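Coordinate analysis (summary)
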Amino acid sequence: MTAIRADSLVKEYGDVRALDGLSFEVEEGEFFGLLGPNGAGKTTFINILVGLARSTAGSAEVFGHDVESDYQQARNRIGLAPQEFNVDRFFPIHEVLEHKAGYHGVAPEEAARRADEALKTVGIYDKRDTRFDWLSGGMKRRFLLARALVTDPDLLILDEPTAGVDVELRRELWELVQQLNDDGTTILLTTHYIEEAERLCDTVAIMDAGRKVEVASPDDLRGRGEDTLVVTLAS
Ligand code: ATP
């Protein structure tokens, strides 16, 4: 089955064409990377998939559900770990997770169980009674992943999940998301780190100026010399 299908997607913000006819497909089970310089349109595409922005033209589907006309069905299949830390700061983190699961229609007892499980998966269960603000930077990253996992998603979207984290934590996060993919979760990852894409992704799409420049395996890109990538990724 196709996990994500984007068809001639256009998004305009006033005079800015953030997406300019973006099309591609991600198959179920794939670990798919989206690369490109700042402003290429990666986050805009993600925002459309999760319903935070509406397309100007074209369409996008998640597991066959149109992300706009069939929003709830599509959204329930997606877990998003966003770039920005937009987390409720007033509750212990396990409550934040329970609320999130509850919002997605999970019954209270099951929500509590899933919250604990997600915190265990990312290795911060011992911090369950702590507020988000009191976590270290690395723990905040882990928590964002737990929040994405608490709805038991089939598609995990990771928007620059290791931006600004140290080498050790980056490796740990890589192992974690690789395991999730091995267990069957489809993953869409945006990154500026070519090493990250090489290490994790089966397929990468290079974007620039709201368009897909090409789709390839990380090995193919490297085989052609890194010049293209360095130019594309220099930002
Ligand atoms: P980065 O790697 O820096 O996160 P990106 O590839 O995710 O970049 P986007 O954030 O999708 O790129 O931005 C694509 C273009 O759309 C940019 O020119 C940006 O300024 C513009 N843009 C994004 N969101 C908005 C908005 N809410 N209003 C106006 N312009 C926007």
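Residues numbered from 1 in each chain as written. Predicted model: local features only at pLDDT ≥ 70, side-chain atom pairs only at ≥ 80, totals over all residues. Heavy atoms only, no water.

The name given to the chain in an unreviewed UniProt entry is ABC transporter ATP-binding protein, with the source organism recorded as Halosegnis longus.

**Some remarks on the sheet that holds strand E2 (residues 16–27)**
The strand order across the open sheet built from 4 strands is E2-E1-E4-E5, with neighbouring strands paired in antiparallel fashion. Of all strands in the sheet, those with a lone pairing partner are E2 and strand E5 (65–66), marking the two edges. Strands in contact with helix H1 (residues 42–49) are strand E1 (2–13), E2 and strand E4 (57–62); relative to E1, the strand with the most contacts, it is inclined by about 115 degrees. (Pairing = 2+ DSSP bridges. Helix = DSSP H or I, 4+ residues; strand = E, 2+ residues; numbered from the N terminus. Contact = heavy atoms within 4.5 Å. Axes fitted to C-alpha atoms, helices over the stretch in contact; angles between N-to-C directions.)

**Looking at the pairing of E2**
Across 9 bridges, the pairing between E1 and E2 is antiparallel. The residue bridging Val10 from the neighbouring strand is Asp20, located in E2. Linking E1 to E2, which pair antiparallel, is a turn of 2 residues; within it Gly14 sits at a positive phi near 60 degrees.

**Considering helix H5 (residues 137–149)**
Here H5 is 13 residues long and its end C-alpha atoms lie 19 Å apart, about the 18 Å a rise of 1.5 Å per residue gives. Here H5 lies mainly inside the structure; 10 of its 13 residues are buried. Among the residues of H5, those classed as buried are Lys140, Arg141, Arg142, Phe143, Leu144, Leu145, Ala146, Arg147, Ala148 and Leu149. The elements touched by buried residues of H5 are strand E6 (78–81), helix H3 (93–103), helix H4 (108–121), strand E7 (155–159) and helix H6 (167–182). (Expected span 1.5 Å × (residues − 1). Buried < 20%, exposed > 50% of the residue type's maximum accessible area, 1.4 Å probe, protein only.)

**Describing the pattern of salt bridges**
Scanning the entire structure with this criterion turns up 14 salt bridges. For Glu25, the salt bridge goes to Arg5, with nearest N and O atoms at 3.1 Å. Within this pair, whereas Glu25 is found in strand E2, its partner Arg5 is found in strand E1, the two being separated by 20 residues in sequence. In this structure Arg5 comes out as partly exposed when scored by relative accessible area, which is 32%. One salt bridge connects Arg113 with Glu117, and the closest N-O pair in it is separated by 2.7 Å. Pair noted here: Arg113 and Glu117 are both in helix H4, with a separation of 4 residues, about one helical turn. What makes Glu117 partly exposed here is its relative accessible area of 44%. Residues joined by salt bridges that share partners form a network here, namely Glu12, Arg17, Asp20 and Arg211. (Salt bridge = Lys/Arg side-chain N within 4 Å of Asp/Glu carboxyl O.)

**Things to note about the packing of aromatic side chains**
A complete count under the given rule lists 3 aromatic pairs for this structure. Here Phe24 and Phe32 contribute two aromatic rings whose centre-to-centre distance is 5.1 Å and whose plane-to-plane angle is 15 degrees, an arrangement assigned as stacked. The pair Phe24 / Phe32 is uniform in exposure class, with both members buried. Considering the side-chain rings of Phe24 and Phe45, the 5.4 Å spacing of their centres and the 65 degrees angle between planes classify their relative orientation as edge-to-face. Of this pair, Phe24 sits in strand E2 while Phe45 sits in helix H1; the two residues are 21 residues apart in sequence, bridging distant segments of the chain. The same class applies to Phe24 and to Phe45, which are both buried. In this structure an aromatic cluster arises from ring pairing among Phe24, Phe32 and Phe45. Lys140 extends its terminal NZ or CZ atom over the ring of Phe132, reaching a point 5.4 Å from the ring centre. (Phe/Tyr/Trp six-rings, centres within 6.5 Å; stacked < 30°, edge-to-face > 60°. Lys NZ or Arg CZ within 6 Å of the ring centre and 35° of its normal.)

**Some points on the packing of H3 against H4**
Close contact between H3 and H4 brings their axes to 8 Å; oriented N to C, the two are set at 125 degrees. Looking at the two axes, H3 sits oblique to H4. Like other packed secondary-structure pairs, H3 and H4 cross with a definite hand, here right-handed. Along its contact with H3, which presents Ile93, His94, Leu97, Glu98, Ala101 and Gly102, the element H4 presents Ala111, Ala112, Ala115, Ala118 and Leu119. (Parallel < 35°, antiparallel > 145°, perpendicular 65-115°, else oblique. Left-handed = near helix turned anticlockwise from the far one by under 90°.)

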